[in-house]
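# Architecture at a glance
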Amino acid sequence: MKVKYSIRTSEILFERAQESIPGGVNSPVRAFKSVGGTPVFFERAEGAYLYDVDGNRYIDLIASWGPMILGHSHPTVVEAVARQVSVATSFGAPTRLEIEMAELMKEMVPGLEMVRMVNSGTEACMSALRLARGYTGKNKFIKFNGCYHGHADSFLVKAGSGVATFDIQNVPGVTGGTAQDTLTAPYNDIEAVKRLIDQNPGDIAAIIVEPVAGNMGCVPPQNDFLKKLRTLCDLYGIILIFDEVMTGFRLAPGGAQQRLGIQADLVTFGKVIGGGLPVGAFGGKRDIMKAIAPLGNVYQAGTLSGNPLAMTAGYATLSILNQHSEIYSELDHKTELLEKKLSEALSANGWTFVANRLGSMLSFHFDVDQVTNFEQASKANLNTFKKFFHHMLSRGVYLPPSAFESYFLSNALSNADIEYIADMAYEFKNIG
Ligand SMILES: *Cc1c(COP(=O)(O)O)cnc(C)c1O
């Protein structure tokens, strides 16, 4: 297993892809630009394993960036989607499925009174922000450095994920007019938030936050950060938006809101909610949600929103999670074990690092003392990260190809898989 995999076919496909697709990929981080080398092209996946076009097998620690929380090709989900394909794939008109999906989400997520389906996390966050602005009649909002809320213009200011990975300071195409309404503060820094509110009296529509940040590696909230945000929002009539695109249905059936016991006004979803198909959603308090068209004038729409195939995959996935809440404790235990074993292996080889974890979100930052915000995360040793990434990849372990992404475990991962990952990490020697 120690031999480097041959990825000849991936290399040929990557060459070909770059002729027709910018960078050869349809989402930037996939291109391996920050870690170097050739992105692996995949063909098939089952449970915790990915199979590339050269027939190599990898243990998957991305789970499609979250959605495949039950593992790939879960039989119940596959069967439900297959059945729906032969019934109908799109109407552009209402269906019973959409009501069932909305009702199931309301059952699982505390405080969710109404919900609107969209097709991605980006759309969910973009729409929730428009709604917050439309509802309050205010323009500005606060986001946190290193948090990612999709690629809508307003959010591409000090953003995490690929924007951080490629160290893009200003995104060309985002106008100054748009960016000036985006106020930013360091994550976990409540004093900075208070200052922004003081400096912009009566102008702030919303505060949007990843309740557990996952787009600068995993950074959990500290010192009652979320509770204090809640208090400030109540005090100043600001809408609190939890971006649960990553944490929703992952940290608990009711997401971070449930796990951490803090209620937002609006919540956005993506990733897990689609079970591997393109789905997003936003929802929250009835009073606010009623401002959306056709009830109100805050316009929001989608040709494929609530698509029957997507709803079927999402509903099947959420139903399993809802009926088997033991999945959450299993996932937590597996992630805890992976954190422990990887930490032991890296420490034994003399590496210094910080492991951050909350539930089944986990990340390692090399050569830093602590990571509680983006400013600290960006000081981590990227060179060591690159070497670690390629070391593990060539031994059949697929980690996120960016130091600014969290690992995502699926419940298909076995203890034997975790042992294997740790064994491979033991071979990652620090030779100065
Ligand atoms: C992935 C992600 C998004 C964007 O979702 P897409 O489906 O990629 O558009 C938004 N917010 C958070 C927290 C995310 O992790």
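Residues numbered from 1 in each chain as written. Predicted model: local features only at pLDDT ≥ 70, side-chain atom pairs only at ≥ 80, totals over all residues. Heavy atoms only, no water.

For the protein, the name recorded in an unreviewed UniProt entry is Glutamate-1-semialdehyde 2,1-aminomutase, with Schleiferia thermophila as its organism. Of the protein, the UniProt comment under Subunit (unreviewed entry) reads exactly: "Homodimer." Its UniProt record, at the heading Sequence similarities (unreviewed entry), says of the protein: "Belongs to the class-III pyridoxal-phosphate-dependent aminotransferase family. HemL subfamily." (UniProt positions renumbered as here; feature names shortened; annotations may be inferred.)

## Some words on the overall build of the protein
What the protein contains, in helices and strands, is 15 helices and 14 strands. Over its C-alpha trace the protein gives a radius of gyration of 21 Å, about what one expects of a compact globule, namely 22 Å for 432 residues. The principal-axis extents of the C-alpha atoms in the protein amount to approximately 60 × 55 × 45 Å. Looking at the protein residue by residue over its 432 residues, the buried ones come to 58%. Of the contacts formed within the protein by residues at least 6 apart in sequence, a portion of 73% connects residues at least 24 apart. In the form shown here, the protein has an accessible surface area of approximately 18,100 Å², with 51% of it arising from carbon and sulfur atoms. (Helix = DSSP H or I, 4+ residues; strand = E, 2+ residues; numbered from the N terminus. Rg over C-alpha atoms; globule rule 2.2 N^0.38 Å. Buried < 20%, exposed > 50% of the residue type's maximum accessible area, 1.4 Å probe, protein only. Contact = heavy atoms within 4.5 Å. Areas by Shrake-Rupley, 256 points an atom, 1.4 Å probe, with all protein chains shown as cover.)

## Details of the site of the ligand
The environment of the ligand is made up of Ser120, Gly121, Thr122, Tyr148, His149, Gly150, Glu210, Asn215, Asp243, Val245, Met246 and Lys271. Contact distances for the ligand include 2.9 Å between an oxygen atom and a backbone N or O atom of Gly121. A distance of 2.6 Å is found between an oxygen atom of the ligand and a side-chain nitrogen or oxygen belonging to Thr122. Each residue belonging to the shell around the ligand can be placed in one class, and the counts come to three nonpolar, six polar and three charged. (Near = heavy atom within 4 Å. Polar contact = N/O pair within 3.5 Å; in protein donor to acceptor, adjacent residues only side chain to side chain. Nonpolar A, V, L, I, M, F, W, Y, C, P; charged D, E, K, R; others polar.)

## Looking at the sheet that holds strand S11 (residues 353-358)
What holds strands together in a sheet is hydrogen bonding between their backbones, with the strands either parallel or antiparallel. The three strands are arranged S11-S12-S14 in an open sheet whose pairing can be described as antiparallel. Single-partner strands in this sheet number two, and they are S11 and strand S14 (407-408). Here strand S12 (residues 361-366) pairs with S14 via two bridges, running antiparallel. Bridging from a neighbouring strand, Met361 pairs with Phe408 of S14. (Pairing = 2+ DSSP bridges.)

## A few points about the environment of Glu336
Mapped onto the secondary structure, Glu336 falls in helix H12 (residues 326-348). According to the relative accessible area criterion, Glu336 is partly exposed, its value standing at 40%. Separated by 25 residues in sequence, Glu336 and Met361 place their C-alpha atoms 9.7 Å apart.

## Examining the side chain of Asn373
Secondary-structure assignment places Asn373 in the loop between S12 and helix H13 (374-377). Relative accessible area serves as the criterion here: at 14%, Asn373 is assigned to the buried category. Separated by 3.2 Å, the side chain of Asn373 and the backbone nitrogen of Glu375 make a polar contact. If sequence neighbours within four positions are ignored, Asn373 has contacts with Tyr187, Met216 and Val219.

## Re helix H15 (residues 415-426)
Look at H15: 17 Å from first C-alpha to last across twelve residues, which is about the 16 Å you get at 1.5 Å a residue. Buried within H15 we find Asp417, Ile418, Tyr420, Ile421, Ala422, Met424 and Ala425. Buried residues in H15 make contact with strand S2 (49-52), strand S3 (57-60), H12, helix H14 (382-393) and strand S13 (397-398). (Expected span 1.5 Å × (residues − 1).)

## Considerations on the pairing of S2
The two faces of S2 match: Tyr49 and Tyr51 on one face and Leu50 and Asp52 on the other face are all buried. Where strand S1 (residues 42-46) and S2 come together, four bridges link them in antiparallel fashion. Bridge pairing in S2 places Glu46 opposite Tyr49. Between S1 and S2, which pair antiparallel in sequence order, lie two residues; one of them, Gly47, sits at a positive phi of approximately 60°.

## Concerning the pattern of salt bridges
Evaluation of the coordinates by the stated rule reveals 13 salt bridges. The shortest N-O distance in the salt bridge between Arg83 and Glu79 comes to 3.5 Å. Of the two residues, Arg83 and Glu79 both sit in helix H2 (residues 75-87), four residues apart, roughly one turn of that helix. Of the two residues, Arg83 and Glu79, both sit in the exposed class. For Glu344, the salt bridge goes to Lys340, with nearest N and O atoms at 3.5 Å. (Salt bridge = Lys/Arg side-chain N within 4 Å of Asp/Glu carboxyl O.)

## Looking at helix H7 (residues 190-199)
By the burial criterion, the buried members of H7 are Ile190, Ala192, Val193, Leu196 and Ile197. Seen along its axis, H7 keeps its buried residues to an arc of 160°; they face one direction. Across from the buried face of H7, at angles greater than 90 degrees, the exposed residues are Asp198 and Gln199. For H7, the elements touching its buried residues are strand S5 (140-144), strand S6 (182-185), strand S7 (204-209) and helix H8 (225-236). Residue Asp189 occupies the N-cap position of H7, its side-chain oxygen lying 3.3 Å from the main-chain nitrogen of Glu191. (Arc of directions from axis to C-beta.)

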